[in-house]
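# Descriptive analysis of the structure
Here are the chains, one letter per residue:
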Amino acid sequence: MSDPRVGPWLFTTVTAMLAGFAALVLSGSLPVVGVAVIVATVAATAVGRSELPSPARMSDRRAAGAAALFAVVLGAGFLGGEPTTGLLVGMGLYLTVWLLGVGSR
């Protein structure tokens, strides 16, 4: 496996987006959203740098494909007026790509 660089970036980005979305839904307060995004980013960065199994450990090629798939699904959700659905389906596909990669080793 190549030294992952795209994987940690994608993992951190997706984690921060989901934390921000969850905080927005649960609290509706922008300061709470900001804190949630910062905490999630720090946590995802720590996990990405550790040896723990996580989506951050994906190879560059697989992570780039997952990022493209996630962007397409998220964009389709926004264009269809369902950004929440796009985000959740995109996250599901992202995790599926990771699990398929783990299972193929």
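Predicted model only: the values in this text are computed from it and were never measured.

### Focus on the nonpolar core
Leu10, Val14, Met58, Ala66, Phe70 and Tyr94 are the most contacted members of the largest nonpolar core, which has 16 residues in total. Put simply, the parts of the chain that give this core at least two residues each are helix H1 (6–26), helix H3 (60–79) and helix H4 (83–103). Leaving out residues up to four positions away in the same chain, phenylalanine 70 has contacts with Val14, Met17, Leu87, Gly90, Met91 and Tyr94.

### Considering H4
In an α-helix there are 3.6 residues to a turn, and that puts residues three or four apart on one side. Between its first and last C-alpha atoms H4 spans 30 Å; for 21 residues at 1.5 Å apiece the expected length is 30 Å, and the two agree. Listed as buried for H4 are Gly86, Leu87, Gly90, Met91, Tyr94, Val97, Trp98 and Gly101. With its buried residues spanning 130 degrees around the axis, H4 presents them on a single face. Relative to its buried face, H4 has exposed residues pointing more than 90 degrees away, namely Leu99, Leu100 and Gly103. Against the buried residues of H4 lie H1 and H3.

Parameters at a glance
- Residues numbered from 1 in each chain as written.
- Predicted model: local features only at pLDDT ≥ 70, side-chain atom pairs only at ≥ 80, totals over all residues.
- Heavy atoms only, no water.
- Core = buried A, V, L, I, M, F, W, Y, C linked by side-chain atoms within 4.5 Å.
- Buried < 20%, exposed > 50% of the residue type's maximum accessible area, 1.4 Å probe, protein only.
- Helix = DSSP H or I, 4+ residues; strand = E, 2+ residues; numbered from the N terminus.
- Contact = heavy atoms within 4.5 Å.
- Expected span 1.5 Å × (residues − 1).
- Arc of directions from axis to C-beta.

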